[in-house]
Every structure is written in C-alpha cells, then in structure tokens.
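# Reading the structure
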Amino acid sequence: DHLGVLSMAIVNLATWVGIAVTPTRVLTDNDFTNERLIFTGLALAIFLLCVGYLSKRRNIKAHFEFTYTNFATHLIFISCLAGMFHFKSGYLLWLALLASIAVFYYRKALKESAFYFILLLTLYGFIGLSYVIMKLIFDVANMDINGAYLSCVYFIAAAASMIMFLIKTNRKFKKL
C-alpha cells in the first residue's frame with residue numbers, strides 16, 4: 001500500500017511493453033516514429049485510466065487513482081503528439097483526438113478541482129496546436145519570411161491566451 005511501489009510497478013509495466021517513462025529517458029530512449037510504440041502508449045494510457053477509474057469507483061485503493069491518472073495523462077498526450085508528428089497526412093485526426101482528450105481532462109479537472117491537469121492539458125494542447133498552425137503556415141501557405149513574422153505574432157498571442165486561460169481557470173477553481 002505504497003505510492004512509490006505503485007509508481008515503480010507502472011514504470012516496469014511501461015518498460016515491459018517497450019516504453020521508457022522515467023523523466024530522464026522519455027526523450028532519449030523512445031522512438032517516437034515507431035507506430036507500434038505510439039499505439040502501445042495509447043493503449044497503456046487508456047488501461048491506466050480505466051484502472052484508476054475503477055479503483056476510485058469501487059473504493060479499492062482509491063488513493064492510487066491520482067497516480068494511475070498521472071501516468072496515463074502524460075502517456076496519452078505524448079502518444080497523441082507523437083502520432084501527429086509521425087503520421088504527416090493524418091495530423092488533423094491526431095489533433096482531434098488530442099482535443100477530445102483535453103476536453104476529457106478539462107471536465108475531470110473541474111469536477112475534482114485539480115489545477116494540475118488543467119496545466120498539463122494546456123501545455124500539451126499548446127504543443128499540438130502550435131505544430132498544426134506552424135505546419136499550415138509553412139507547408140500549406142508556402143510562406144517564407146512572412147511566415148516567420150506570422151509565427152512570431154502567433155506565439156505572442158498564444159502565450160497571452162494561455163496565461164489568460166490559466167488565470168481564468170484558477171479563478172474558477174477558487175470559486176468552487
């Protein structure tokens with residue numbers, strides 16, 4: 001009945017299916033172009049979400065729900081982003097999946113007053129949305145220097161929008 005042991009078990013499960021989930025090895029040991037790894041990450045994240053939900057719902061070690069959900073959150077968002085980057089022609093489908101997952105976590109965060117998940121969905125969502133917008137600016141619109149200027153304007157506006165969103169959401173949490 002220890003969160004540290006559960007975390008080690010989840011890390012070992014992820015390693016067993018081929019995913020490195022420790023913070024120092026996520027970027028160096030994973031092959032984000034491997035389709036099997038992307039779909040395995042999605043499946044493992046959904047499995048961990050279900051286990052967390054059932055543990056809370058059935059009151060079986062309900063205090064472990066956050067740990068399951070935390071690992072699942074990072075896995076599912078990273079898998080979606082890797083899918084966006086790898087499947088060049090289907091990146092909009094991956095963006096739609098990323099957005100639906102962000103909506104799921106937004107509702108969950110509001111229900112549980114968990115600002116941590118708001119922060120994560122904002123950061124991962126920003127990365128996904130920025131990728132699509134930069135792809136549209138440079139690939140579809142064939143912009144060169146004007147695209148660079150437009151990119152600067154986008155990042156300034158996006159940063160201001162993210163800050164305003166987080167401030168408004170924080171105020172909403174304080175009212176709950």
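Conventions used here
- Residues numbered from 1 in each chain as written.
- Predicted model: local features only at pLDDT ≥ 70, side-chain atom pairs only at ≥ 80, totals over all residues.
- Heavy atoms only, no water.
- Disulfide = S-S within 2.5 Å.
- Buried < 20%, exposed > 50% of the residue type's maximum accessible area, 1.4 Å probe, protein only.
- Salt bridge = Lys/Arg side-chain N within 4 Å of Asp/Glu carboxyl O.
- Helix = DSSP H or I, 4+ residues; strand = E, 2+ residues; numbered from the N terminus.
- pLDDT = per-residue confidence, 0-100.
- Polar contact = N/O pair within 3.5 Å; in protein donor to acceptor, adjacent residues only side chain to side chain.
- Contact = heavy atoms within 4.5 Å.
- Axes fitted to C-alpha atoms, helices over the stretch in contact; angles between N-to-C directions.
- Parallel < 35°, antiparallel > 145°, perpendicular 65-115°, else oblique.
- Nonpolar A, V, L, I, M, F, W, Y, C, P; charged D, E, K, R; others polar.
- Expected span 1.5 Å × (residues − 1).
- Phe/Tyr/Trp six-rings, centres within 6.5 Å; stacked < 30°, edge-to-face > 60°.
- Patch = residues over 30% accessible without salt bridge, like charges linked within 9 Å, V, L, I, M, F, W, Y side chains within 5 Å.
- Areas by Shrake-Rupley, 256 points an atom, 1.4 Å probe, with all protein chains shown as cover.

## Re the state of the cysteines
According to the stated counting rule, one finds 0 disulfides in the structure shown. You can see Cys-50 has no disulfide; the closest cysteine sulfur is in Cys-80, sitting 15 Å from it. Among the residues examined, Cys-80 registers a relative accessible area of 0% and is labelled buried.

## What about the pattern of salt bridges?
For the coordinates displayed, the defined rule picks out 3 salt bridges. Ionic pairing is found between Glu-65 and Lys-108, a salt bridge with its closest N-O pair at 2.8 Å. Of this pair, Glu-65 sits in helix H4 (residues 65–86) while Lys-108 is found in helix H5 (residues 91–112), placing the two residues 43 residues apart along the sequence. Comparing Glu-65 with Lys-108 shows no difference in burial state: the two are buried. Across the pair Glu-112 and Lys-108 runs a salt bridge whose closest N-O atoms are separated by 2.8 Å. Taken together, the positions of Glu-112 and Lys-108, both in helix H5 and 4 residues apart, correspond to about one turn of that helix. Glu-112 gets classed as partly exposed once you look at its relative accessible area, which sits at 28%. The exposure class assigned to Lys-108 is buried, which follows from its relative accessible area of 13%. Residues joined in a network through salt bridges with shared partners are Lys-56, Glu-65, Lys-108 and Glu-112.

## With respect to the confidence of the model for the chain
With 93% of its residues at a pLDDT of 70 or more, the chain shows a mean pLDDT of 86. Per-element averaging of pLDDT across the chain places helix H2 (residues 26–29) at the bottom with 61 and H5 at the top with 94.

## Description of the side chain of Glu-65
Polar contacts involving the side chain of Glu-65 include one to the side chain of Lys-108, which spans 2.8 Å. Setting aside chain neighbours within four positions, we find Glu-65 in contact with Gly-52, Tyr-53, Ser-55, Lys-56, Lys-108 and Glu-112.

## What to know about the packing of H4 against helix H6 (residues 115–140)
Running from N to C, H4 and H6 point in directions that differ by 5 degrees, and their axes come no closer than 10 Å. Considering their axes alone, H4 and H6 lie roughly parallel with respect to each other. Of the residues in H6, those in contact with Phe-66, Thr-69, Asn-70, Thr-73, His-74, Phe-77, Ile-78, Leu-81, Met-84 and Phe-85 of H4 are Tyr-116, Phe-117, Leu-120, Leu-121, Tyr-124, Ile-127, Gly-128, Tyr-131 and Val-132. Taken together, the residues of the contact of H4 with H6 break down into 14 nonpolar, 5 polar and no charged.

## What about helix H7 (residues 145–175)?
Between its terminal C-alpha atoms H7 stretches 45 Å, which fits the 45 Å expected from 31 residues at 1.5 Å a residue. The secondary structure elements touched by the buried residues of H7 are H5 and H6.

## Side note on the packing of aromatic side chains
A full pass over the atoms with the stated rule returns 16 aromatic pairs. Ring centres of Tyr-116 and Phe-117 lie 5.4 Å apart, and the angle between their planes is 65 degrees; this geometry places the pair in the edge-to-face category. For Phe-117, a relative accessible area of 2% puts it in the buried group. By the ring-pair criterion, three or more aromatic residues cluster together here, those being Phe-66, Phe-77, Phe-104, Tyr-105, Tyr-116, Phe-117 and Tyr-124.

## Thoughts on a nonpolar patch on the surface
A cluster of nonpolar side chains, contributed by Met-143, Leu-150 and Val-153, occupies part of the molecular surface with about 240 Å² of accessible area. Relative to the helices and strands, Met-143 resides in the loop between H6 and H7. For Met-143, a relative accessible area of 32% translates into the label partly exposed.

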